[in-house]
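Residue-level listing of the chains:
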Amino acid sequence: MIPLVDLKAEYRILKDEINQSIDQVLESSHFILGKKGKKLENDISKYIGVAQGVGVANGTDALLLSLEALNIGAGDEVITTPFTFFATAEVIARVGATPVFVDIHPFTYNMNPHLIESAITERTKAIIVVHLFGQPADMDAIMDISRKYHLRVIEDACQSIGAAFQGKKVGSFGDVGCFSFFPSKNLGAYGDGGMIVTNDEELYSKITTLRNHGSCERYVHTHIGLNSRLDEIQAAILGVKFKRLDEWNHRRRELAEEYTSRLTGTVQVPIIEVDREHVFHQYCIETTQREQLAEFLRQKQIATGIYYPIPLHLQRAFSQLGYEKGDFPVAESVSKEILALPIHPMMTAKQQDQVIVSIQEFFGDQS
Ligand SMILES: *Cc1c(COP(=O)(O)O)cnc(C)c1O
């Protein structure tokens, strides 16, 4: 089977180093908020180019704590995309605010900035911009709008660690940047993990407090927070994998270039906008024969994935928002035709050749 991701192959390469790093944590018996977590916060904030990083329990909590730190709640509206993982909009509803969706750009799958202004009301407090599949959204346009209307910007960079817009890393544009270390993300833990980065000292101190029961001094609680910390064992694993992040993102880009050069003309391939450094968390093609192609590839032992089959405005959990089919035609049409192909740093040229040749065979294209 050619899998979508191959975490076992990654582990085999890093095994000694990871086990050693985990052993250090076990020997220290310091499991929560220790040295490894602190080092990872420093390393990642420096890498992204921001002042501070706060390790949290997962990417969803990174978004949730960001909204709470920005005092967003009941009566507020937050603009975001309907074409993303559910968590992006889930957290908006979770804090009691209302998600307001705007449609996406047909080729980049990121929020279409031209549609944002007409969605702004007096209640709009923030934009959660998602850098989907590893491609940065149009941060020039989005930051311009945020300045014009005094909106906060939360970057959901959960799929895009290392990606850059005009040479600047995603996560460093908004008030806060949020990352996920879910195992299959470009920087994945062996369990859940996440991080928030920010240049704002006040937000930093509030988020640090909120993730630890609203407390920064033992048994003194200044806020109603929650328990959302990145544990030391995950930080130990992430510390080892972080050293490979750039190299592995580079390998993803090489694989993407090969796919694109050989599949152009056969299917709709990803389009990278100018000034974007894409990190290809996913490599997604589009075809009107998606189900047939996926089945054909499955029979050839090639895995594929659909991200995302149902846009968020059509999810039952959001039915009370009152959206209908047809409200976001681009997101709806993309969700019917998009298909993710295997792409991960351990993928061999031979495996990739099999995927490409199989797709060409399906379309009867011998080129
Ligand atoms: C993975 C992901 C999240 C959530 O991260 P978790 O660590 O799984 O909680 C949020 N937004 C996007 C776009 C994601 O891909």
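Structural notes, computed from the coordinates. (Residues numbered from 1 in each chain as written. Predicted model: local features only at pLDDT ≥ 70, side-chain atom pairs only at ≥ 80, totals over all residues. Heavy atoms only, no water.)

Observations regarding the overall build of the protein chain
- Each helix and strand counted, the protein chain has eleven helices and twelve strands in total.
- With respect to the principal axes defined by its C-alpha atoms, the protein chain has extents near 70 × 55 × 35 Å.
- Long-range pairs, those at least 24 residues apart, make up 71% of the contacts in the protein chain with a sequence separation of at least 6.
- Surface summary for the protein chain: the accessible area is close to 16200 Å², and the carbon and sulfur share equals 50%. (Helix = DSSP H or I, 4+ residues; strand = E, 2+ residues; numbered from the N terminus. Contact = heavy atoms within 4.5 Å. Areas by Shrake-Rupley, 256 points an atom, 1.4 Å probe, with all protein chains shown as cover.)

Some thoughts on the pairing of strand S5 (residues 152–156)
- S5 sits mainly inside the fold: four of its five residues count as buried.
- Where strand S4 (residues 124–130) meets S5, five bridges bridge the pair, whose relative direction is parallel. Bridge assignment links Val129 to a residue of S5, and that residue is Glu155.
- Viewed along the sheet, the connection from S4 through helix H5 (residues 139–149) into S5 turns out right-handed. (Buried < 20%, exposed > 50% of the residue type's maximum accessible area, 1.4 Å probe, protein only. Pairing = 2+ DSSP bridges. Right-handed = clockwise from strand over helix to strand, strands pointing away.)

Some details on the site of the ligand
- Every one of the 15 residues lining the ligand counts as a neighbour, but Gly59, Thr60, Asp156, Ser180 and Lys185 are closest to it.
- Between an oxygen atom of the ligand and a main-chain N or O atom of Gly59, the distance comes to 2.7 Å.
- Relative to its unbound accessible area of 380 Å², the ligand is 93% covered by the protein chains.
- Under a 2 Å grid-point criterion requiring more than half of the atoms, the pocket assigned to the ligand is the largest pocket. (Near = heavy atom within 4 Å. Polar contact = N/O pair within 3.5 Å; in protein donor to acceptor, adjacent residues only side chain to side chain. 1 Å grid on protein atoms, 1.4 Å probe; cavity = no way out; pocket = protein on both sides within 12 Å on 5 of 7 lines; lining within 4 Å. Sits in = over half its atoms within 2 Å of the grid points.)

Topic: the pattern of salt bridges
- Throughout the structure, instances matching the rule amount to 18 salt bridges.
- Lys125 is the salt-bridge partner of Asp76, the closest N and O atoms lying 2.7 Å from each other. On the criterion of sequence distance, the pair formed by Asp76 in the loop between helix H3 (59–69) and strand S2 (77–80) and Lys125 in strand S4 is long-range, its members being 49 residues apart.
- We classify Asp76 as buried; its relative accessible area is 8%.
- Overall, the relative accessible area of 37% leaves Lys125 in the partly exposed class.
- Within the structure, one salt-bridge network assembled from shared partners comprises Glu17, Lys243 and Arg244. (Salt bridge = Lys/Arg side-chain N within 4 Å of Asp/Glu carboxyl O.)

Structural notes on the nonpolar core
- Core analysis: the biggest nonpolar cluster contains 25 residues, and Leu67, Val78, Ile128 and Ile154 have the highest contact counts within it.
- Going through the elements one at a time, strand S1 (52–56), H3, helix H4 (87–94), S4, strand S8 (176–180) and helix H6 (201–210) are the ones with two or more residues in this core.
- In terms of residues, this core owes the most to one element, H3, which gives six residues.
- Once residues lying within four places of it in the same chain are set aside, the contact partners of Ile154 are Leu63, Ser66, Leu67, Leu70, Ile127, Ile128, Val129, Val176 and Cys178. (Core = buried A, V, L, I, M, F, W, Y, C linked by side-chain atoms within 4.5 Å.)

Re H3
- With nine of eleven residues buried, H3 lies mostly within the body of the structure.
- For H3, the complete set of buried residues consists of Gly59, Asp61, Ala62, Leu63, Leu64, Leu65, Ser66, Leu67 and Ala69.
- At the N-terminal boundary of H3, the capping side chain belongs to Asn58, with an oxygen 3.1 Å from the backbone nitrogen of Thr60.
- Count one or two residues on from H3 and you reach Asn71, which has phi positive near 60 degrees.

Focus on a nonpolar patch on the surface
- Where nonpolar side chains cluster on the molecular surface, the patch consists of Leu26, Phe31, Ile32 and Leu33 and spans about 320 Å² of accessible area.
- Positionally, Leu26 belongs in helix H1 (residues 7–28).
- The class of Leu26 is partly exposed, set by a relative accessible area of 42%. (Patch = residues over 30% accessible without salt bridge, like charges linked within 9 Å, V, L, I, M, F, W, Y side chains within 5 Å.)

Considering the packing of aromatic side chains
- By the definition in use, this model includes 17 aromatic pairs.
- With a centroid separation of 5.3 Å and an interplanar angle of 85 degrees, the aromatic rings of Tyr47 and Phe242 are classed as edge-to-face. Of the two residues, Tyr47 is situated in helix H2 (residues 35–48) and Phe242 in helix H7 (residues 232–242); the sequence distance between them amounts to 195 residues. Each member of the pair, Tyr47 as well as Phe242, is classed as buried. (Phe/Tyr/Trp six-rings, centres within 6.5 Å; stacked < 30°, edge-to-face > 60°.)

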